[in-house]
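Letter by letter, the chains look like this.
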Amino acid sequence: MTVASQLKLKPGVVTGQDYKALVQAVKEGGYILPAVNIVGTNGVNAVLEAAKKNNSDVIIQLSNGGAQFYAGKGFPDAFQAKVLGAISAALHVHLMAQHYGVCVVMHTDHADKKLIPWVEAMIEHGENHYQQTGFPLFSSHMLDLSAEPLDFNISESARLLKRAAAIDMSIEIELGITGGEEDGVGSDDDALDNPNLYTQPEDVLKAYDALTPLGHFSVAASFGNVHGVYAPGNVKLRPEILKNSQALVQQTHGTDPNPLNLVFHGGSGSEQAKIDEAMQYGVFKMNIDTDLQFAFANKIGDFVKENPKAFQHQIDPDTQAPYKKLYDPRKWLRIGEEGMIARLDQAFKDLKSAGKSVAAQ
Ligand SMILES: [Zn+2]
């Protein structure tokens, strides 16, 4: 038995040394944590409920658009909404996760060059929170400068990692471009024809060398993955790219196997065999957004179809029966949550994280 398999952490948001230990336990344990994009408390609570039900730890994250939505689409200042929404979500998760009794990694998603100020503003709030409490608001922020020249990607990532590491935070960087489109970030190019969609191991080594002395980080490496769900045959995943990157770092520095903490973007609709392969190559986080959006909407869609009158009339025009119990948002939002939970039951199983929570009970 390794030390990592005996890891026990206090339930709640994990940061700093605890986050590092959790990532290591996940890699050594041969499983992956799902990272779910949320846009409000319904999503957060559904994720926490599903994680507890499956005795798995989990990653909760917000895109910049999701954070803005969390603060309110009508909030007058969109930039401020992206910052405040993310912080509001983090505070909600800090409070609730410990009471649900699971360990949660609190993350933000893609931030390209124009969104660097968003990340900096969140870090600034994290610094204040750290001064007051001794821990940061987020476990990690993602910085996605994969569309920029490699040197800029690495130097900017290094600059922000220094600041994050000072308050016990990690960052996720991206090397090579994830295909598809999510919140205006990503590439719409044809996945099969674009060499940028496959990360080069030499680039990963360069990033590893620059960032390792500064702090803890993870790498979203592109191996043909795309955001969204497309018709079968349009996505050619090549997990051996992850293997080659791990091998190059291991050989160069004489490290243990799988020295890199890898992230699988665009997990929705992925084949199980490719997930299993990615798992062997040190992937600890798989982002699932599209499938959960659909699971939430699909169940509500069914409910509306089954009860059309309840969404048109407060009282049935023929029978005079009141429909309050059906149009009450708690009824149909809960049905959406149940759809998400059912899809997450499958995700925890596919990623082999069910039953493996490190939260002390
Ligand atoms: Zn992504």
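Before any of the text, the structure's been laid out above.
All values reported here derive from a predicted model rather than from experimental measurement.

Please provide a residue-by-residue account of the packing of helix H2 (residues 41-53) against helix H4 (residues 78-100), values included.
Relative to each other, H2 and H4 sit at 25 degrees, their axes nearing to 11 Å. It follows from the interaxial angle that H2 and H4 lie roughly parallel. The interaxial crossing formed by H2 with H4 has right-handed handedness. Here Thr 41, Val 44, Leu 48 and Lys 52 of H2 come into contact with H4, specifically with Ala 89, His 92, Val 93, Met 96, Ala 97 and Tyr 100. For the contact of H2 with H4, the per-class residue count stands at seven nonpolar, two polar and one charged.

Could you give me a rundown of unusual backbone geometry, with the residues and numbers involved?
If you check the backbone angles, Asn 55 has positive phi at about 50 degrees while not being a glycine. Residue placement: Asn 55 occurs in the loop between H2 and strand S3 (58-62). C-beta crowding within 10 Å serves as the criterion here: with 16 such atoms nearby, Asn 55 is assigned to the partly exposed category. Although it is not a glycine, Asn 258 sits at a positive phi angle of roughly 50 degrees. On the basis of neighbour counts, which here come to 22 C-beta atoms within 10 Å, the residue Asn 258 falls in the buried class.

How would you summarise helix H10 (residues 290-306) if you had to cite specific residues and measurements?
For H10, spanning 17 residues, the distance from its first C-alpha to its last is 24 Å, which sits close to the expected 24 Å at 1.5 Å a residue. By the burial criterion, the buried members of H10 are Asp 291, Leu 292, Ala 295, Phe 296 and Lys 299. One face of H10 carries all of its buried residues, which in axial projection span an arc of 145 degrees. Of the surrounding elements, those touching the buried residues of H10 are strand S2 (33-37), strand S9 (283-288) and helix H12 (329-350).

Go over the environment of Ile 241, please, and point to the residues and values.
Within the fold, Ile 241 resides in helix H8 (residues 240-253). Judged by the 21 C-beta atoms lying within 10 Å of it, Ile 241 is buried. Separated by 18 residues in sequence, Ile 241 and Phe 223 place their C-alpha atoms 6.0 Å apart. Excluding its chain neighbours within four sequence positions, the residues that come into contact with Ile 241 are Tyr 198, Thr 199, Ala 221 and Phe 223.

Explain the environment of Leu 205 residue by residue, including any values.
Its place among the elements puts Leu 205 in helix H7 (residues 201-211). Leu 205 sits in the partly exposed class, given 17 other C-beta atoms within 10 Å. Remark: the alpha-carbon pair of Leu 205 and Ile 116, spanning 89 residues in sequence, is separated by 23 Å. Excluding residues that lie within four positions of it along the chain, Leu 205 makes contacts with Leu 248, Val 249 and Thr 252.

Each value, and the rule that gives it
- Numbers given for residues are sequential positions, taken from 1 along each chain in its written order.
- For a predicted model such as this one, the threshold for reporting local features is a pLDDT of at least 70, and the threshold for listing and counting side-chain atom pairs is 80 or more; totals across whole chains, interfaces and linings nevertheless cover every residue.
- Geometry is summarised by axes, namely lines fitted to C-alpha atoms with helices restricted to the contacting stretch, and by angles between N-to-C directions that run from 0 to 180 degrees.
- Helix numbers and strand numbers start at the N terminus; a helix is a DSSP run of H or I with at least 4 residues, a strand a run of E with at least 2.
- An angle counts as roughly parallel when it lies under 35 degrees, as roughly antiparallel when it exceeds 145, as roughly perpendicular when it falls between 65 and 115, and as oblique in every other case.
- Crossing chirality is assigned from the near helix's rotation relative to the far helix, an anticlockwise turn below a right angle marking it left-handed and a clockwise turn marking it right-handed.
- Placing a C-beta atom from the backbone of each residue, one calls two residues in contact when those atoms lie within 7 Å.
- Residue polarity follows a fixed list, in which Ala, Val, Leu, Ile, Met, Phe, Trp, Tyr, Cys and Pro are nonpolar, Asp, Glu, Lys and Arg are charged, and the others, Gly among them, are polar.
- Our exposure labels follow a C-beta count within 10 Å of each residue's own C-beta, placed from the backbone: buried means 20 or more other C-beta atoms, exposed means 12 or fewer, and partly exposed covers the counts in between.
- Expected span of a helix: the number of residues minus one, times 1.5 Å.
- Throughout, the arc means that of the directions going from the helix axis to the C-beta atoms.

Read these as layout, nothing more, since geometry by itself doesn't imply function.
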